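Each chain is listed here by its residues.
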Amino acid sequence: MLAGYGPRFAASVPPVWLLAAYWGVFLLLLLLALYLALVDLRFIRLQYLLGRREIFYDTLGSEEFRQALRKAQEEQREQR
């Protein structure tokens, strides 16, 4: 059946400009999706770094913690 209708479908090929427009839109949407994925990765990395910075300031960034850490280090040096 396909062999019989093959020549009819081959004769009804759309114009080249229509195919170029179709694949152009497809390529544009593909590139847009890749760009958005890269932007999303950068945003996730930024959130990770901001969270890491916040954890640092909550622990080592705290002046009270640094003082306690210095005191413990001095006591450890004195014991040796």
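In this text, all values refer to a predicted model and were calculated from it rather than measured experimentally.

Draft legend 1. Looking closely at the overall build of the protein. Across its full length, the protein carries three helices and zero strands. Taken from the N to the C terminus, the helices and strands of the protein come in the order α-α-α. Among the 80 residues that make up the protein, the fraction classed as buried is 2%. Split by element, the accessible area of the protein, about 8000 Å² in all, is 67% carbon and sulfur.

Draft legend 2. Geometry of a nonpolar patch on the surface. On the surface, a nonpolar cluster with roughly 920 Å² of combined accessible area is contributed by Val-13, Leu-19, Tyr-22, Trp-23, Phe-26, Leu-27, Leu-30, Leu-31 and Leu-34. Tracing the backbone shows Leu-31 in helix α2 (residues 16-58).

Draft legend 3. Up close: the packing of aromatic side chains. Applying the stated criterion across every chain, the model contains three aromatic pairs. Consider the rings of Trp-23 and Phe-26, whose centres lie 5.3 Å apart with planes at 85 degrees: the pair is edge-to-face. With a gap of three residues between them, Trp-23 and Phe-26 both fall in helix α2, about one helical turn apart. An aromatic cluster of at least three residues, connected via ring pairs, comprises Tyr-22, Trp-23 and Phe-26.

Draft legend 4. Main features of the pattern of salt bridges. For the structure shown, the criterion picks out two salt bridges. Measuring nitrogen to oxygen at the nearest pair gives 3.9 Å for the salt bridge that ties Arg-70 to Glu-63. Take Glu-63: its relative accessible area is 38%, and that puts it in the partly exposed class.

Draft legend 5. Quick peek at the environment of Leu-60. In this fold, Leu-60 is placed in the loop between α2 and α3 (63-79). Sequence-distant contacts of Leu-60, defined by excluding residues within four places in its chain, comprise Phe-65, Arg-66 and Leu-69.

So, how was this worked out
Residues numbered from 1 in each chain as written. Predicted model: local features only at pLDDT ≥ 70, side-chain atom pairs only at ≥ 80, totals over all residues. Heavy atoms only, no water. Helix = DSSP H or I, 4+ residues; strand = E, 2+ residues; numbered from the N terminus. Buried < 20%, exposed > 50% of the residue type's maximum accessible area, 1.4 Å probe, protein only. Areas by Shrake-Rupley, 256 points an atom, 1.4 Å probe, with all protein chains shown as cover. Patch = residues over 30% accessible without salt bridge, like charges linked within 9 Å, V, L, I, M, F, W, Y side chains within 5 Å. Salt bridge = Lys/Arg side-chain N within 4 Å of Asp/Glu carboxyl O. Phe/Tyr/Trp six-rings, centres within 6.5 Å; stacked < 30°, edge-to-face > 60°. Contact = heavy atoms within 4.5 Å.

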